[in-house]
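This is what each chain is made of:
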Amino acid sequence: MQGHRHSLFAGIRPKTRWLLAVSALPLFGMVAAFGVAPDTDTRPVPARTLVQSLTPALPAAPAEQTYYRIDELARGDTVGDVLRRMGVDDADIQALVATPGVVGAGLTRLRAGQRLEGRVGDDGSLQTLAFGARGHEVRVRRVGDGFALDTQPVAVEYQVLMRSGRVRDSLYDALDAAQVPEGVAEKMLDLFSGDLDFRRDLRPDDHFSVVYRMRYRDGEAVGEPQILAAEFVNRGRAYRAVLYRNAQGREEYYTPDGQPLKKAFLKSPLDNSRITSGFTLARYHPLLHTMRAHKGIDYAAPIGARVKTVADGRVSFAGWQNGYGRLVVVQHAGLYSSAYGHLAGFGPGIRKGSRVTQGQVIGYVGQSGLATGPHLHYEFRIAGVQKNPLALNLPSARTLAGAERVRFLTASRIWTARLDLLRGTRIAALD
Ligand SMILES: [Zn+2]
């Protein structure tokens, strides 16, 4: 961070750090941040700030630690699959289903795309759960060893808001001036982070527009804002993202011509890290005092840093394996798998067989096994053979084609038109 030729970020470093800390928050316990359909509305459980608890903690985290989780049913999922993914243990899943009225309220009849929100203890105990069924919201809360049920009609309002701003001194000042809520700002930057490095690429006069939806209950904003469309213009080049529910029933972001924004594989399993050892076929091993190949990539990171799976998949191994120490291996589509070694502990709900989605926390950096210091040993494997992920041409996520692309273009027109409108206005904020 030393060599900024640009003064764009001069003098705002404390705020930058603050925003980065905040940005760590919603990803922590969330499997699917997006995916709201009006008929699946559920009562939100306010997220408790977890930032402070991220760094210490790890393998022996206090039992009362709970995580706010949102997940939705994918095709072929049972409610049990989703609850397991949220980290709920089997005993509580059984107790929940056995609670009088819960099945009658529709829990086991939820369909693909419907959403569950809950608070789960790191011991696998379910504390609260909310889901929408037939125009009602159903809330379940823990009472002793069992659960109590509460069903009531939902009165929820949605409001679509638009914000637009222009960078003068710093991006963060511009976001503030445009009154972009923190949660929206963070998601917007995240959307474009595959194309733009906001620390290096920004220039004065860059500008942005965002259209997002907020959920209100009794006039109070609740839940996570959802970005419907966004644009960032960097050095005159426009990057755009539009939310679309695809044929698989998943809401994803696409460019206006139907290319997915999300890459099939993340560039790195850590947010902030640097490579200390690359992929080589021969390397002197500091502990074993031998020349050994290093068929992975080492990332320096503090103990407790969150390690994310680079792609959707299923955990094929989570446990101790020789020199790897605590290791998680994720099997992805096709012949691809990824492995994360020397972990201090595993992410919530991570065990053999768990399904994971790209960006989900599967563990925390440590130095278990043969490690001279805290770091992540990351391997990318094809058909079980380690490859250098930085040298591979990996497949990208699925592009919309044919009839679906036509459907997307029609559906997204309203949002691209709003972005055009916002860009034309050149004002700081617009409701
Ligand atoms: Zn290594």
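The next thing to look at is the overall build of the protein chain. Tallying secondary structure elements over the protein chain gives 8 helices and 23 strands in all. Buried positions account for 36% of the 431 residues belonging to the protein chain. When contacts within the protein chain are restricted to residue pairs at least 6 apart in sequence, those whose partners lie at least 24 apart make up 65%.

Among the nonpolar cores identified, the biggest contains 33 residues, and Met 188, Leu 191, Val 210, Ile 227, Ala 229, Ala 230 and Val 242 are the most heavily contacted of them. For Leu 191, the contacting residues outside a window of four places in its chain are Ile 227, Ala 230, Ala 241, Tyr 253 and Leu 261. Listed in part, the 25 residues of the second largest apolar core include Ile 297, Tyr 324, Tyr 364 and Val 365.

What follows is about the environment of Trp 415. Relative to the helices and strands, Trp 415 is located in helix H8 (residues 402-425). Separated by 187 residues in sequence, Trp 415 and Leu 228 have C-alpha atoms that sit 7.3 Å apart. Discounting residues that sit within four places of it in the chain, Trp 415 has contacts with Val 211, Leu 228, Ala 229 and Val 242.

What follows deals with the environment of Pro 269. Within the secondary structure layout, Pro 269 lies in the loop between strand S10 (251-254) and strand S11 (274-277). Accessibility expressed as a C-beta count within 10 Å gives 29 for Pro 269, which makes it buried. A C-alpha to C-alpha distance of 9.6 Å links Pro 269 and Gln 358, two positions 89 residues apart in sequence. If we skip the residues at most four places from it in the chain, Pro 269 touches Val 307, Lys 308, Val 310, Tyr 340, Leu 376 and Tyr 378.

Let's shift gears to the confidence of the model for the protein chain. When the pLDDT values of the protein chain are averaged, the result is 78; 79% of them are 70 or greater. Mean pLDDT values over the elements of the protein chain span from 30, in helix H3 (residues 51-54), up to 97, in strand S17 (residues 325-331). Below pLDDT 50 for its whole length, residues 1-63 participates in 98 contacts with residues either more than four positions away or in separate chains. Low pLDDT (under 50) marks residues 426-431, which in the prediction has 14 contacts with non-local residues, meaning those over four places away or in another chain.

Right, let's get into unusual backbone geometry. What you tend to see is this: most non-glycine residues have negative phi, and most peptide bonds are trans. Even without glycine at this site, Arg 235 takes up a positive phi of about 50°. Mapped onto the elements of the fold, Arg 235 is located in the loop between strand S8 (220-234) and strand S9 (237-245).

Here the focus is helix H5 (residues 90-98). Those residues of H5 not exposed but buried are Asp 92, Ile 93 and Leu 96. Each buried residue of H5 sits inside an arc of 105° when the element is viewed along its axis, so together they form one side. H5 presents Asp 90, Ala 91, Gln 94 and Ala 98 as exposed residues on the side facing more than 90 degrees away from its buried surface.

By secondary structure assignment, the location of Leu 196 is in the loop between helix H7 (182-192) and strand S7 (207-217). Residues Leu 196 and Tyr 239, spaced 43 residues apart in sequence, show a C-alpha to C-alpha distance of 9.0 Å. Those residues within four positions of Leu 196 in sequence are excluded, and the remaining contacts are Asp 201, Phe 232, Asn 234 and Tyr 239.

Here H7 lies mainly inside the structure; 8 of its 11 residues are buried. All of the buried residues along H7 are Gly 183, Val 184, Ala 185, Glu 186, Lys 187, Met 188, Leu 191 and Phe 192.

By the criterion of burial, S17 is predominantly enclosed, with 5 of the 7 residues buried. The sheet contact formed by strand S16 (residues 313-321) and S17 spans 7 bridges and is antiparallel. The partner of Trp 320 across the bridge, within S17, is Arg 326. Linking S16 to S17, which pair antiparallel, is a turn of 3 residues; within it Asn 322 sits at a positive phi near 40°. Pairing analysis gives 5 bridges linking S17 to strand S18 (residues 336-346), with the strands arranged antiparallel.

Rules behind the numbers
- Residues numbered from 1 in each chain as written.
- Predicted model: local features only at pLDDT ≥ 70, side-chain atom pairs only at ≥ 80, totals over all residues.
- Helix = DSSP H or I, 4+ residues; strand = E, 2+ residues; numbered from the N terminus.
- Buried ≥ 20, exposed ≤ 12 C-beta atoms within 10 Å, placed from the backbone.
- Contact = placed C-beta atoms within 7 Å.
- Core = buried A, V, L, I, M, F, W, Y, C linked by C-beta atoms within 7 Å.
- pLDDT = per-residue confidence, 0-100.
- Arc of directions from axis to C-beta.
- Pairing = 2+ DSSP bridges.

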